[in-house]
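Spelled out from the first residue to the last, the chains are:
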Amino acid sequence: MNLKDAGIYDMINIFKGEATKAHGASQGGVINNNPRLINIPAYQRPYRWKTDRIVRLFCDYDENNEEYFLGSVVVVEKKKNDGSIEFDVVDGQQRLTTLYLLNYIRYLLRREYTLEKLKKPYQLKASEYCSKLKECYVNLIGRNVVPFDVILDKIEELMDNETLDPNERVEQMVSCYKEQLCYPEVKATPSETLEERKRQARDFFDREQLCLKYSRSRYDIVLKEVLCGVYLNNVQDTTDYELKTVWVDDKCSDFEKNYLNALKTILNEIWSRAKSASEKNKDIMSICEKAIELADGIIKNMSLCVVLTENENDANKLFEVLNDRSLEVEDLELIKNHFYKEYCTKSDDTDEQKDKRITELDELWADKIFSGNGDFKNRLISYLAAVYLTCDKELGYKDDAKMKDAIEKRYSSVMYPIGEKQYTYNEILADFNTYYAIKIILGNFDVKKNKLNERSLKAEQEEKSITYKTLHLLNAFKYHAVIPALTNVIIASYAQKHSLADANFQNDFSEYIKGLIDDKEHVNEEYKAIHQCAYILWIAAIKSKDHEIPRKIAKRIIEKNGHVGFCKENIDFQGREINDLDEELDKWMSNWSFGNNKTFAIKVLLLNLLLSQRLGVGTEDAYKADVVTIKLNSALTYKLNAGKLQLDHLEANIINQENAESYYMSDDIEKRQKDVNGYIGNFMILDAVDNNQKNNVPLKSAMKYYASIEKSWLVDDVKCMIKDEKYFDLQNQIPREEFFIERTKRLKKYFKAFLGKGLNDTEVTIRF
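Everything numeric here is computed off the predicted structure, so don't read it as measured data.

Caption draft 1: How the structure looks around helix 16 (residues 425-444). Helix length check: helix 16 (20 residues) gives 28 Å between terminal C-alpha atoms against 28 Å at 1.5 Å per residue, within 8%. Burial analysis of helix 16 places 16 of its 20 residues in the buried class, the great majority of the element. Just downstream of helix 16, D446 is the residue with a positive phi angle, here 60°.

Caption draft 2: Region of interest: the sheet that holds strand 10 (residues 627-631). The three strands lie next to each other as 9-10-15, forming an open sheet whose pairing is antiparallel. With one partner strand each, in any of the chains shown, strand 9 (613-615) and strand 15 (763-767) form the two edges of the open sheet. Within this sheet the neighbouring strands show an average axis-to-axis angle of 30°, counted without direction. The sheet contact formed by strand 10 and strand 15 spans five bridges and is antiparallel. Directly across from V627, in strand 15, lies its bridge partner R767.

Caption draft 3: Inspection of the pattern of salt bridges at higher detail. Considering all chains together, one arrives at 51 salt bridges under this definition. In this structure, the salt-bridge partner of E112 is R111, at a minimum N-O distance of 3.9 Å. You can call R111 buried: its relative accessible area is 12%. Between D446 and R455 there is a salt bridge; the shortest N-O distance is 3.1 Å. Residue classification places D446 among the partly exposed positions, given a relative accessible area of 31%. A network of salt bridges, in which partner residues are shared, links R48, R216, E333, K336, D355 and D362.

Caption draft 4: Representation of the packing of aromatic side chains in the model. Evaluated as defined, the whole model comprises 42 aromatic pairs. Seen in terms of ring centroids, Y214 and Y219 are 5.6 Å apart; in terms of plane orientation they differ by 80°. Their pairing is edge-to-face. Taking the relative accessible area as the measure of exposure, Y214 reaches 3% and is therefore buried. Chaining the aromatic ring pairs together yields one cluster made of Y104, Y107, Y137, F148, F204 and F205. Above the plane of the ring of Y231 lies R197, whose end atom (NZ or CZ) is 3.8 Å from the centre. Over the ring of Y468 we find K464; its NZ or CZ atom is 4.5 Å from the centre of that ring.

Caption draft 5: How the structure looks around the packing of helix 21 (residues 528-543) against helix 23 (residues 577-590). Two elements in contact, helix 21 and helix 23, have axes whose closest approach is 8 Å; the angle formed by their N-to-C orientations is 35°. Facing helix 21, whose interface residues are A540, I542 and K543, helix 23 presents I578, L581, D582, E584, L585 and W588.

Caption draft 6: Region of interest: the pairing of strand 12 (residues 683-687). For strand 12, the buried fraction is high: five of the five residues fall into the buried class. Every second residue of strand 12 is oriented toward a common face, with F683, I685 and D687 on one face and M684 and L686 on the other, all of them buried. Note that strand 11 (residues 645-649) and strand 12 share five bridges and pair antiparallel. Each bridged residue has a counterpart across the sheet, and for Q646 the counterpart in strand 12 is L686.

Reading guide: rules and limits
- All residue numbers refer to positions counted from 1 along the written sequence of the respective chain.
- Predicted model: local features are reported for residues with pLDDT of at least 70 only, side-chain atom pairs are reported and counted for 80 or more only, and whole-chain, interface and lining totals are derived from all residues.
- Calculated side-chain values reflect all of the structure's heavy atoms, with hydrogen atoms and water omitted.
- By definition, any uninterrupted DSSP run of H or I lasting at least four residues is a helix, any uninterrupted run of E lasting at least two residues is a strand, and each is numbered from the N terminus.
- Working rule for helices: expected span equals 1.5 Å times residues minus one.
- To sort residues, take the accessible area from a 1.4 Å probe on protein chains only and compare it with the maximum for the residue type: under 20% means buried, over 50% means exposed, and anything in between is partly exposed.
- Here the rule is simple: two strands pair whenever DSSP picks up at least two bridges between them.
- Lines fitted to C-alpha atoms define the axes here, with helix axes fitted over just the stretch in contact, and angles between the N-to-C directions of these axes take values from 0 to 180 degrees.
- Salt bridge, as used here, is a side-chain nitrogen of Lys or Arg placed within 4 Å of a carboxyl oxygen of Asp or Glu.
- Aromatic pairs are defined between Phe, Tyr and Trp rings, using the six-membered ring for Trp, whenever the two ring centres lie within 6.5 Å; interplanar angles under 30 degrees are classed as stacked, those over 60 as edge-to-face, and all others as tilted.
- A ring has a charge above it when a Lys NZ or an Arg CZ is no more than 6 Å from the ring centre and no more than 35 degrees off the ring normal.
- Note on definitions: a residue-residue contact is assigned when non-hydrogen atoms from the two residues lie within 4.5 Å.

Written out as structure tokens, the structure is:
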């Protein structure tokens, strides 16, 4: 990393390039005694400090009055063709802009104070007051020295004329002062005076080059509009100044409101401190003098560590080092600004075109993609889009700090190397639309942060595609790092035939996603590969004991599907994946007990069996048939309330002591708890309302509570088994352990058959 210089400097040093004894600044590097422009690059976000940040700055200054260190600023020095110097601010623009606005309030206060002093006859310090005003403005706010030099020349001329009447001298001084600094003439009505003030202010700033500028001309215009639109007004019957505007605040843009709010807050903070430090009953000019003294001290005593680099890459590396996770740096802003930087440095568009297009991209990013989502969805959008662009299989859902780095190193540097390939507007638009595509997917799939299990169970019952069901299942399991395998395939499949930069992308992609969700028979050729990918992820999520194998499969898919292209051959089971999953399924089902991490998987499997029909055997002996055929997804006549579905113990978990003899193994509680909670065969899906009414009744009395699903073959089997002496002690009306063993054995067979079928298989045959 090549650092040109670093040092502690105040605002005067940074903007004017003047070395001061206060901070021992060097004559090289940052400080070279040449005025310079401070430039905010196009990829940087606009000013957005709110009241609390500004108030905190003043409070911190109060506690560190002599010298207050504001932190670091990272800049890149750029020499212009005319020999002038610009500092591109990579880090610290919010603080620099706040200091700039603070100095503008200082200028407004000194301007009013100087005017009042010039109105007094025999004012021997007129030149001194105007010189200080010039120092406050030139090279700290703007470059135009002419108005101030004209005023100073006029003062010198008038002071040299000893024969001139003092009152005439005052009148001419004030007239020249007001004319050069564009004070408005008082008109017949207040509204006419306001219009005149607006016109005069614009005349003053139209010919001005501000010392703080933006590469995006739009922001330059906004800043100028705010500076020329504010003025100090003496609140009637008080000794207070307020900041007034020449326009209606409600009609301001958000950018203008941020500047305006900052200026008002700065004035209020300075004025309240000045008033507290002044003696009671002091006039407004005495308080103004105190306010200027305070503002002067802040400008001189607030300092920053300016780190100067010669190239942007070094500046960005340093920025990332300085901004660790404890600082308030918004990851989404950093990612967006990275795209802007790539576009601004790797595109041949003119500055005007870049400004216009970045403004459009800003609206897309802020108003359409990341608006109204909440933290969960914003993080998910950011993560899934980053994985699509980079195909980085190692990127994790909680790796917020690594996302920008991954995009920079594994996407931008690889796809658009400097000097080799341009990063055009169509490319950055397509990248932004990748984020938009994720939002469209999550929105149409109705993915939420809460009620995950409920949403997944509801999806299982809906007449929607497997892709729809899978996304909800993965979200319910919180397998966030598996989801990008599916979203990568969805977007990559779409991108085969469509451009993500198309003008109608939003509508076209939304229709594509709606079709994907509604393709419940999985017959649309355009979606078949996506559905197959979804299906293997659904199977893997259910069969695996945890996230590891699904994540391993997802990594393989991510690597070959995404911005790099679409690889249909990579989205089915490969190698030993099926064998490994089968082994895990056997293991976790053998060791399962109620409440562990696979309890939801049991609920999903039971629900799918409940939604099927058994074929070819009679009700009475089907529970012990050697061969059973099941027709899948064919019993949708009873849809259960997904929000109220519970995994219910057939034999109650808790004994009612009033009739303890009616329960299984009531004399051996340890074995009873192990069996009633550990055998899958002791469980059924039940509506929460029915389950509450059932309220731990013994199995012999429980069947009436399954009336809502009494036509299910699962319920029929239980009814038949409790009539069979082999499985049920008919005399005492208590289940035998054989009941749990047999039903567990058969349920496991059903589950395995269901999980072993092909996506479009409508029937499965099970042999016992």
